[in-house]
Amino acid sequence: MTCSVPRPVVSGSVSSSSPASRPGATAEAAPLSLCAREPHVPADRLVAEMVPPPRFDAVRFGTYIPDPNQPSQTEAVRVLEGFATGLGGPGAGGSGKRRLFGFGRAAKPAPAGPRGVYLDGGYGVGKTHLLASLWHATPAEPALKAFGTFVELTNLVGALGFQQTVRTLSGHRLLCIDEFELDDPGDTVLVSTLLGKLVEAGVALAATSNTLPGRLGEGRFASADFLREIQGLSAHFRALRIDGEDYRHRGLPKAPPPYTDELVSKTAYATEGASLDGFADLLDHLAKVHPSRYGALTDGLAAVCLTGVRPVPDQSTALRLVVLADRLYDREVPVLASGLPFDRLFSEEMLEGGYRKKYFRAISRLTALARDAGRLTGTP
């Protein structure tokens, strides 16, 4: 399917292709198109970008506001602050540099106690905020700390190869893994093996994952899964349960209903740095771009405008959309859309299947970005 940029809908005899038909814009100010982008990301950029995403640049333990009704949130801050302080001293490997193409053997210090923490909780309780705060609080230069999602870590292994990834990360003091995925046995075993090598090199670990909605009352469901899946690494992790409701919806109105095609198109033309694509076209394009490049796909965007949102047709397409939603959320890119609301993207079968954690996370994050898009239209 050829990707096309939707034109704003106007009345009268003026052609939709003429500048006069583009409210507040000239021909030179036509919106961008995600479908026209085919980014190529070198391996060294993948490593250099393993830092907290822009949304979490400024977060710290002091900016995390625990829910007074959830004492586990306050306890998590206390434990993580102590964990960060304990990571002071000589760095693992001792070189003080990223060894992207180095082959030296890292020293193997034998620290006492767990060298990892696992944040177990539901959606929107602030686990990523706390994980990023740990990265910022750890007393080491940025080159000795790495932060990425589980998907980004597997993409790094794909780009560098397993042994090179071990050499690259073994000189670090801390590796933070957000959204550890428990639904892909192959990737989980791959990352478990990688983490085992890094623990041997003295790298401290921190990870988050999600407990499903409706399973929050079942004790340590997610942490038990996590510790089982990472096999022999269990002794290296201390599980921290973080209870609470999704802060993205706490005391806020529901997500706005979808807008009209006309309003979405007009807003895209009136917003500098916005993209405009048909939803079906974008889904087709995502199949042609490796998920490791979805971050680069969104470089420089002020907003994403989509027309004709509809249910995703299959699981492969849905999983690609989940990755894009994560990258947009990390970068705080608002999403303005027409068609169906985001909570109808995934079928009931998908929401009850093995990848349901990812789909619920995507719905939560796209809903937050849809709220953010209200400012572009002047709606509350």
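Data block above holds the structure.
The structure reproduced in this document is the subject of the present report. (Residues numbered from 1 in each chain as written. Predicted model: local features only at pLDDT ≥ 70, side-chain atom pairs only at ≥ 80, totals over all residues. Heavy atoms only, no water.)

## Description of helix α2 (residues 71–85)
So, step 1. With 15 residues, α2 should reach 21 Å at 1.5 Å per residue; the first-to-last C-alpha distance of 22 Å fits that figure.
So, step 2. The set of residues buried in α2 consists of S72, Q73, A76, V77, V79, L80, F83 and A84. (Helix = DSSP H or I, 4+ residues; strand = E, 2+ residues; numbered from the N terminus. Expected span 1.5 Å × (residues − 1). Buried < 20%, exposed > 50% of the residue type's maximum accessible area, 1.4 Å probe, protein only.)

## A closer look at the pairing of strand β6 (residues 274–278)
So, step 1. Within β6, 5 of the 5 residues are buried, leaving the element largely enclosed by the surrounding structure.
So, step 2. Covered by surrounding structure in β6 are A274, L276 and G278 together with S275 and D277, the residues of both alternating faces.

## Considerations on the environment of D330
So, step 1. Tracing the sequence through the fold places D330 in helix α11 (residues 315–330).
So, step 2. Once the C-alpha coordinates of D330 and G295 are considered, the two residues, 35 residues apart in sequence, prove to be 9.1 Å apart.
So, step 3. Every residue in contact with D330, bar those within four places of it in the chain, is listed here: P53, P54, R55 and R365.
So, step 4. At 3.2 Å, the side chain of D330 forms a polar contact with the side chain of R327. (Contact = heavy atoms within 4.5 Å. Polar contact = N/O pair within 3.5 Å; in protein donor to acceptor, adjacent residues only side chain to side chain.)

## Details of the packing of aromatic side chains
So, step 1. Enumeration over the complete set of coordinates arrives at 2 aromatic pairs.
So, step 2. Considering the side-chain rings of F346 and Y359, the 4.6 Å spacing of their centres and the 25 degrees angle between planes classify their relative orientation as stacked. Of this pair, F346 sits in the loop between β8 (335–339) and α12 (348–351) while Y359 sits in helix α13 (residues 356–372); the two residues are 13 residues apart in sequence, bridging distant segments of the chain.
So, step 3. It is R55 that lies over the ring of Y329; its NZ or CZ is 3.8 Å from the centre.
So, step 4. Its end group placed over the ring of W135, K145 keeps NZ or CZ at 4.3 Å from the ring centre. (Phe/Tyr/Trp six-rings, centres within 6.5 Å; stacked < 30°, edge-to-face > 60°. Lys NZ or Arg CZ within 6 Å of the ring centre and 35° of its normal.)

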